[in-house]
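An overview of the molecular structure
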Amino acid sequence: MNRRRRAGGGKSWHPLALTAALLMLPILGVCGGGPRASAPAAERPQVVKGLDDRVGWYRMPAGDTALVTYSAKGGLRLFSLWDTIYATTFVPGADGLLHAGGPDAPVVEFREWDGRVTGFEWPVGSGSYAERLPGYGYQVEPFAVEVEGVTLAGSLFLPRDRPNPVPGAVIIHGSGASDRDNYWYMTFADTLVRSGLAVMLPDKRGSGQSGGDWFTTGLAGFADDVAAQVQALREHSAVDPGRVGLVGMSQGGHIAPMVAPRVDPAFVVNISGSAVPLNEQIVHELSQDMKRDQLPGILDAVVRPISVWVVKRRRPEWWATNGPIDPIEHWAEVTAPAVTLYGRLDESDNVPVARSVERLDSLGLPNLDVWVFEGVGHGLMIPDPNRVRPDILERLAEWVADAISADAVSGAADPGTEL
């Protein structure tokens, strides 16, 4: 994830010639992740009935805890984010049963006693039984938001013990197809809900159980989706409507400051979203790819503009509208407490970190902090185990707690802090 991590996915490529440049179109995260538009909602798997009772926490055979939650694929998704790191999808098969990983994979058999789910065995007959943990951890419920006739679905994570309305956060997707099954997103959602926030983790428009089409939707359209999701979260009976914030992931960090003046959030978090226009970011990204591939300088000067042209020619109208959008103009209008997180190694990958920090610092906003973490890249992850660095999650949780506290007072900015 560190090398080519994008919120919508992505792979490495080798742009040694125009032919290779043409092949890279389907996998560039910055330009939307691929040329194939999403299937209509009616053609996607729908949520299978009877899943609600199975959603919850389980003690796995190895002793670690795992969350079984709603999947974007219409079944269930198992996450273990803490001791042992893994994620598995339980998908519905033609037989109506749930299967681990695919319709031809082993059956996941959930067992009940006195009308309550007590655990599951997987694969069936293996003797490996995961025990249900009633009342443990936080709760999960599905949600759906309507935006101009399009249904946007997702999961809402709620602290279990909440005598008073709790603060909330809406997670904003990065580029390409992306949904609530994304392990990277779930890591941040888990951190925030454990900190006492209600967290809305949607399927991006045109992904998972959400209708619409992400491929043709511009940043302004995604900002409309986020505004509707913020409103829906504020209307939830468990949520304090005055303390709902935004968490932008990767390209979602462009969208967060765009929508902030419209929804007056309690806080704004930008995780690895650049502070330069996409027209500038795509040039940086392709240049870093060529440096890694050790392309000779003379070829770099020729191939890079060709590669940029190839990327843009498949979506000329999209790039004409969205490429010039400057995040700095929107950040200048953000008045809520805000923080941007970068990994130093991302400079050699997706994001021009130094340039982004310089531009954010130039605003001189007392409400904006900028953190640069050494030794990590776009995903802020360490390789062993492959997870977001724990101290980064802890620091973010502390910052959010301060931002939403009743006694929070805007202080001096902490620009460009190296950590």
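Report follows, based on the coordinates. (Residues numbered from 1 in each chain as written. Predicted model: local features only at pLDDT ≥ 70, side-chain atom pairs only at ≥ 80, totals over all residues. Heavy atoms only, no water.)

Turning to a nonpolar patch on the surface, a few remarks are in order. A cluster of nonpolar side chains, namely Val302, Ile306 and Trp309, defines an oily patch on the protein surface of about 280 Å² accessible area. Along the chain, tryptophan 309 falls in helix H6 (residues 297-313). (Patch = residues over 30% accessible without salt bridge, like charges linked within 9 Å, V, L, I, M, F, W, Y side chains within 5 Å. Areas by Shrake-Rupley, 256 points an atom, 1.4 Å probe, with all protein chains shown as cover. Salt bridge = Lys/Arg side-chain N within 4 Å of Asp/Glu carboxyl O. Helix = DSSP H or I, 4+ residues; strand = E, 2+ residues; numbered from the N terminus.)

Evaluated as defined, the whole model comprises 13 salt bridges. For aspartate 225, the salt bridge goes to arginine 205, with nearest N and O atoms at 2.8 Å. With a gap of 20 residues between them, aspartate 225 in helix H3 (residues 219-234) and arginine 205 in the loop between strand E12 (198-202) and H3 connect regions that are remote in the sequence. For aspartate 225, a relative accessible area of 4% translates into the label buried. In this structure, the salt-bridge partner of arginine 355 is glutamate 280, at a minimum N-O distance of 3.1 Å. Here arginine 355 is found in helix H9 (residues 353-362), whereas its partner glutamate 280 is found in helix H5 (residues 278-292), with 75 residues between them in sequence. Overall, glutamate 280 belongs to the partly exposed group, its relative accessible area being 30%. What emerges from the salt-bridge pattern is a single network uniting Glu109, Arg111 and Glu121. (Buried < 20%, exposed > 50% of the residue type's maximum accessible area, 1.4 Å probe, protein only.)

What follows concerns the packing of aromatic side chains. Inspection of every chain in the model, using the stated rule, returns 16 aromatic pairs. Relative to tryptophan 122, the ring of phenylalanine 90 lies with its centre 5.7 Å away and its plane at 65 degrees, an arrangement referred to as edge-to-face. Of the two residues, phenylalanine 90 sits in strand E4 (residues 86-92) while tryptophan 122 sits in the loop between strand E7 (116-121) and strand E8 (129-132), which places them 32 residues apart along the sequence. By relative accessible area, phenylalanine 90 is classed as buried at 0%. (Phe/Tyr/Trp six-rings, centres within 6.5 Å; stacked < 30°, edge-to-face > 60°.)

Looking now at H5. Taking 1.5 Å per residue, 15 residues should reach 21 Å; H5 reaches 21 Å between its end C-alpha atoms and fits that length. For H5, every residue scored as buried is listed here: Leu278, Gln281, Ile282, His284, Glu285, Leu286, Ser287, Gln288, Asp289 and Met290. (Expected span 1.5 Å × (residues − 1).)

Quick look at the packing of H3 against helix H4 (residues 252-263) now. Here H3 crosses H4 at 55 degrees, and the two axes come no closer than 9 Å. Taken together, H3 and H4 sit at an angle that is classed as oblique. Crossing handedness for the pair H3 and H4: right-handed. Residues Leu219, Ala220, Phe222, Ala223, Asp224, Val226, Ala227, Val230 and Arg234 of H3 touch H4, and the partners they reach there are His254, Ile255, Met258, Val259, Arg262 and Val263. Class assignment for the residues of the contact of H3 with H4 results in 11 nonpolar, one polar and three charged. (Axes fitted to C-alpha atoms, helices over the stretch in contact; angles between N-to-C directions. Parallel < 35°, antiparallel > 145°, perpendicular 65-115°, else oblique. Left-handed = near helix turned anticlockwise from the far one by under 90°. Contact = heavy atoms within 4.5 Å. Nonpolar A, V, L, I, M, F, W, Y, C, P; charged D, E, K, R; others polar.)

On any regular strand, side chains alternate: one points to one face of the sheet, the next to the other face. By the bridge criterion, six bridges tie strand E11 (residues 166-172) to strand E13 (residues 239-249) in an arrangement that is parallel. Looking at the pairing, valine 170 lines up with leucine 246 of E13. By the bridge criterion, four bridges tie E13 to strand E14 (residues 268-271) in an arrangement that is parallel. Pairing of glycine 248 across the sheet is with asparagine 270, part of E14. In this view, the connection linking E13 to its parallel neighbour E14 by way of H4 has right-handed handedness. (Pairing = 2+ DSSP bridges. Right-handed = clockwise from strand over helix to strand, strands pointing away.)

So, about the sheet that holds strand E3 (residues 76-80). Sheet strands pair via backbone hydrogen bonds, and the direction of the pair is either parallel or antiparallel. Strands sit in the order E1-E2-E3-E4-E5-E6-E7-E8 around a closed barrel of eight strands; the barrel is antiparallel. Averaged over all pairs of adjacent strands, the angle between their axes in this sheet comes to 30 degrees, without regard to strand direction. In the packing of helix H2 (residues 183-194) onto the sheet, the strands contacted are strand E1 (56-59), strand E2 (65-70), E3 and E4, and the crossing angle to E3 comes to about 70 degrees.

So, about the packing of H2 against helix H10 (residues 390-404). The geometry of H2 relative to H10 is characterised by a closest axis approach of 10 Å and an angle of 45 degrees between their N-to-C directions. Judged by the inter-axis angle, H2 sits oblique to H10. In terms of crossing hand, the pair formed by H2 and H10 is right-handed. Judged by residue contacts, Thr187, Phe188, Thr191 and Leu192 of H2 engage Leu393, Leu396, Ala397 and Val400 from H10.

Remember, this is a structural readout, not a statement about activity or role.
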